[in-house]
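Observations on the model geometry
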Amino acid sequence: MKFFIDTANLDEIKEAKEFGVLDGVTTNPSLMAKSGVKGKENIFKHYKTICEIVDADVSAEVIATTYEEIIKEGEELAAIDDRIVVKVPMIKDGIKAIKYFSDKGIRTNCTLVFSAGQAILAAKAGATYVSPFIGRLDDISFEGMDLIAQIVDIYETFSFDTQVLAASIRGPLHIVQAAESGADVATCPLSAILGLLKHPLTDIGLEKFLSDAKNFS
Ligand code: G3P
């Protein structure tokens, strides 16, 4: 399973990259706003910088919601760098645009997916990635991880090429469950990735090894 980091914060992206387990980055308008970058020119420069740091797939989301505008904005985003994946919302014009991008060889990430039916549409349109939002489903008392397993199952049955990208991951357990469910990718906050390190028996064991090592060093 690939690890993407879900942020537009350059320090976090650099830390994840240096940690050595990073396969890509996803962003969204909320994360971009949180990073403090404003204005089209600066935002495009920011995407370019992210691409150069990670040298891997970087999802950049369109703000447009009509077919023509999504195409225009998506083509501009794709022109920033070959590593850009155009993130498109799960709406009717978004699906049409994903089909257009797919035919043109522009890679896409279909976002804001909350049902298997939506995931089938994204795959039919030729999305490179589909992003079911696990945490936001959990937030409203639906089992987000069940959706991942359902989509993985359907995609396997019909040999769809679209990769299942578990999004809206909130902690390390979500990452483990996404792996168990067969997700191709988990996009996570840095805290969730680092959370995988933690086990009290590791800390206790290391403390004992280091204290015993003092006896022979
Ligand atoms: O980037 C999409 C998704 O990962 C957002 O997560 O935590 O805002 O629900 P969250």
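Before any of the text, the structure's been laid out above.
So, here's what we can say about the structure. (Residues numbered from 1 in each chain as written. Predicted model: local features only at pLDDT ≥ 70, side-chain atom pairs only at ≥ 80, totals over all residues. Heavy atoms only, no water.)

A word on the side chain of aspartate 6. Here aspartate 6 shows up in strand β1 (residues 2-6). Buried aspartate 6, no salt bridge; nearest opposite-charge side chain is lysine 87, N-O distance 4.8 Å. Only 2.7 Å separates the side chain of aspartate 6 from the side chain of threonine 26, close enough to count as a polar contact. Ignoring any residue separated from it by four or fewer positions in sequence, one finds aspartate 6 in contact with Thr26, Thr27, Leu31, Thr187, Cys188 and Pro189. (Helix = DSSP H or I, 4+ residues; strand = E, 2+ residues; numbered from the N terminus. Buried < 20%, exposed > 50% of the residue type's maximum accessible area, 1.4 Å probe, protein only. Lys, Arg positive; Asp, Glu negative; His and termini not counted. Salt bridge = Lys/Arg side-chain N within 4 Å of Asp/Glu carboxyl O. Polar contact = N/O pair within 3.5 Å; in protein donor to acceptor, adjacent residues only side chain to side chain. Contact = heavy atoms within 4.5 Å.)

Turning to the site of the ligand, a few remarks are in order. Neighbouring the ligand are the residues Asp6, Asn28, Lys87, Phe133, Arg136, Ala167, Ser168 and Arg170. One of the side-chain nitrogen or oxygen atoms of asparagine 28 is found 3.0 Å away from an oxygen atom of the ligand. Between serine 168 and the ligand, the recorded distance is 2.6 Å, taken from a side-chain N or O atom to an oxygen atom. Coverage of the ligand by the protein chains reaches 83% of its 310 Å² of free accessible surface. Residue composition of the shell around the ligand, by class: two nonpolar, two polar and four charged. (Near = heavy atom within 4 Å. Areas by Shrake-Rupley, 256 points an atom, 1.4 Å probe, with all protein chains shown as cover. Nonpolar A, V, L, I, M, F, W, Y, C, P; charged D, E, K, R; others polar.)

Let's shift gears to the packing of helix α5 (residues 92-104) against helix α6 (residues 116-125). One way to put it is that α5 packs onto α6 with a least axis distance of 8 Å and a crossing angle of 30°. The angle between α5 and α6 falls in the class roughly parallel. Contacts from Ile95, Ile98, Lys99 and Ser102 of α5 reach α6 at Leu121, Ala122 and Ala125. Taken together, the residues of the contact of α5 with α6 break down into five nonpolar, one polar and one charged. (Axes fitted to C-alpha atoms, helices over the stretch in contact; angles between N-to-C directions. Parallel < 35°, antiparallel > 145°, perpendicular 65-115°, else oblique.)

One can find histidine 46 in helix α3 (residues 40-54). For histidine 46, the side chain forms a polar contact with the main-chain oxygen of alanine 8, separated by 2.7 Å. Not counting chain neighbours up to four residues away, the residues in contact with histidine 46 comprise Ala8, Leu10, Met32, Ser35 and Val37.

Most often, soluble globular proteins have nonpolar side chains that are buried together. Counting residues in hydrophobic clusters, the biggest one holds 61 residues, and the most contacted among them are Val54, Ile84, Phe101, Cys110, Val130, Ile148 and Ile169. Looking at this core, the element that brings in the most residues is helix α8 (residues 144-158), giving six residues. By size, the runner-up hydrophobic cluster in this structure holds seven residues, among which are Phe4, Val85, Tyr129 and Leu165. (Core = buried A, V, L, I, M, F, W, Y, C linked by side-chain atoms within 4.5 Å.)

Ordered by their spatial adjacency, eight strands build a closed barrel running β1-β2-β3-β4-β5-β6-β7-β8, and the pairing between neighbours is parallel. Ignoring strand direction, the axes of neighbouring strands in this sheet form an average angle of 30°. Judged from the two bridges that link them, strand β7 (residues 163-166) and strand β8 (residues 185-188) form a sheet pairing that is parallel. Looking at β8, one finds that alanine 166 is bridged to alanine 186. Of the strands in this sheet, β2 (24-26), β3 (57-61) and β4 (84-89) are in contact with α3, which crosses β3 at around 160°. (Pairing = 2+ DSSP bridges.)

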